[in-house]
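What the coordinates show
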Amino acid sequence: MSNFAKLLLVEDDFDLADNMIDFLEARGFAVVHAPNGALSLNELLEDAFDAILLDINLPGLDGLSLCERLRKDMEDTTPVLMLTAADTLDDRLKGFAAGTDDYLVKPFSLPEVEARIMALLR
């Protein structure tokens, strides 16, 4: 399935985003990058994605608010993997309460990101 899975990467760190895009596209994923929450909403309104990789600390609309909006207002069930430096138990619980399906703390290994994406796509 990964050969055709389309991912939305919502990440404001362009260096990290570039590394992730290179890694994931080399493995057959199609990746669309949005550097902030507002642009990601535009992408979600215009296209369908198989999974969303979402940072929490974003300029403007943060990842928690975006995830809540996806789940409650838009009734979107696209799997969400939060990728964030917010690493306390309280942070993780807030992420799950907002509607994320999985939560991975930065710094992370790209092969683990791929494994978690594959688990979400099953």
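Above this note sits the structure.
Described below are features of the structure shown in this document. (Residues numbered from 1 in each chain as written. Predicted model: local features only at pLDDT ≥ 70, side-chain atom pairs only at ≥ 80, totals over all residues. Heavy atoms only, no water.)

Notes on a negative patch on the surface
There is a patch of like negative charges on the surface, built from Asp13, Asp15, Asp18, Asp22 and Glu25. Mapped onto the elements of the fold, Glu25 is located in helix α1 (residues 14–26). (Patch = residues over 30% accessible without salt bridge, like charges linked within 9 Å, V, L, I, M, F, W, Y side chains within 5 Å. Areas by Shrake-Rupley, 256 points an atom, 1.4 Å probe, with all protein chains shown as cover. Salt bridge = Lys/Arg side-chain N within 4 Å of Asp/Glu carboxyl O. Lys, Arg positive; Asp, Glu negative; His and termini not counted. Charge placed at Lys NZ, Arg CZ, Asp CG, Glu CD. Helix = DSSP H or I, 4+ residues; strand = E, 2+ residues; numbered from the N terminus.)

Here's the deal with the nonpolar core
Among the nonpolar cores identified, the biggest contains 21 residues, and Leu53 and Ile117 are the most heavily contacted of them. Those elements that provide at least two residues to this core are β1 (6–10), α1, β3 (51–54), β4 (80–84) and α5 (110–121). Residue contributions to this core peak at six residues, all from α1. Contacts of Leu53, omitting those with residues within four sequence positions, involve Leu7, Leu8, Leu9, Val10, Met20, Leu24, Leu81, Leu83 and Ile117. (Core = buried A, V, L, I, M, F, W, Y, C linked by side-chain atoms within 4.5 Å. Buried < 20%, exposed > 50% of the residue type's maximum accessible area, 1.4 Å probe, protein only. Contact = heavy atoms within 4.5 Å.)

Thoughts on the pattern of salt bridges
Counted by the stated rule, this structure contains eight salt bridges. Among the salt bridges present, the one from Glu114 reaches Arg27, with a minimum N-O distance of 3.5 Å. Of the two residues, Glu114 sits in helix α5 while Arg27 sits in the loop between α1 and β2 (30–34), which places them 87 residues apart along the sequence. Overall, Arg27 belongs to the partly exposed group, its relative accessible area being 34%. Among the charged side chains, a network of salt bridges with common partners joins Glu11, Asp55 and Lys106.

Examining the sheet that holds β4
Where strands meet in a sheet, backbone hydrogen bonds hold them as pairs that are either parallel or antiparallel. One open sheet holds the five strands; their spatial order is β2-β1-β3-β4-β5, and the pairing between them is parallel. Taken across any chain shown, the strands that pair with only one partner, and hence form the sheet edges, are β2 and β5 (102–105). Between one strand and the next, the sheet's axes are offset by a mean angle of 20°, whatever the strand orientation. As judged from the four bridges shared by β1 and β3, these two strands associate in the parallel manner. Among the inter-strand pairings, Leu9 is bridged to a residue of β3, identified as Leu53. (Pairing = 2+ DSSP bridges. Axes fitted to C-alpha atoms, helices over the stretch in contact; angles between N-to-C directions.)

Focus on the side chain of Asp55
Structurally, Asp55 is set in the loop between β3 and α3 (63–72). According to the relative accessible area criterion, Asp55 is buried, its value standing at 4%. Side-chain polar atoms of Asp55 contact the side chain of Lys106, separated by 3.5 Å. Those residues in contact with Asp55, other than ones at most four positions away along the chain, are Val10, Glu11, Asp12, Gly63, Leu83, Thr84 and Lys106. (Polar contact = N/O pair within 3.5 Å; in protein donor to acceptor, adjacent residues only side chain to side chain.)

Re the packing of aromatic side chains
For the structure shown, the criterion picks out one aromatic pair. The aromatic ring of Phe23 is capped on one face by Arg27, whose charged end is 3.5 Å from the ring centroid. (Phe/Tyr/Trp six-rings, centres within 6.5 Å; stacked < 30°, edge-to-face > 60°. Lys NZ or Arg CZ within 6 Å of the ring centre and 35° of its normal.)

Section: the packing of helix α2 (residues 37–46) against α3
Relative orientation of the contacting elements α2 and α3 amounts to 25°, with a least axis distance of 10 Å. Taken as axis vectors, α2 and α3 run roughly parallel relative to one another. Crossing handedness for the pair α2 and α3: right-handed. Every residue of α3 that contacts α2 at Gly37, Ser40, Leu41 and Leu44 is listed here: Leu66, Arg69 and Leu70. The residue inventory of the contact of α2 with α3, partitioned by class, reads four nonpolar, two polar and one charged. (Parallel < 35°, antiparallel > 145°, perpendicular 65-115°, else oblique. Left-handed = near helix turned anticlockwise from the far one by under 90°. Nonpolar A, V, L, I, M, F, W, Y, C, P; charged D, E, K, R; others polar.)

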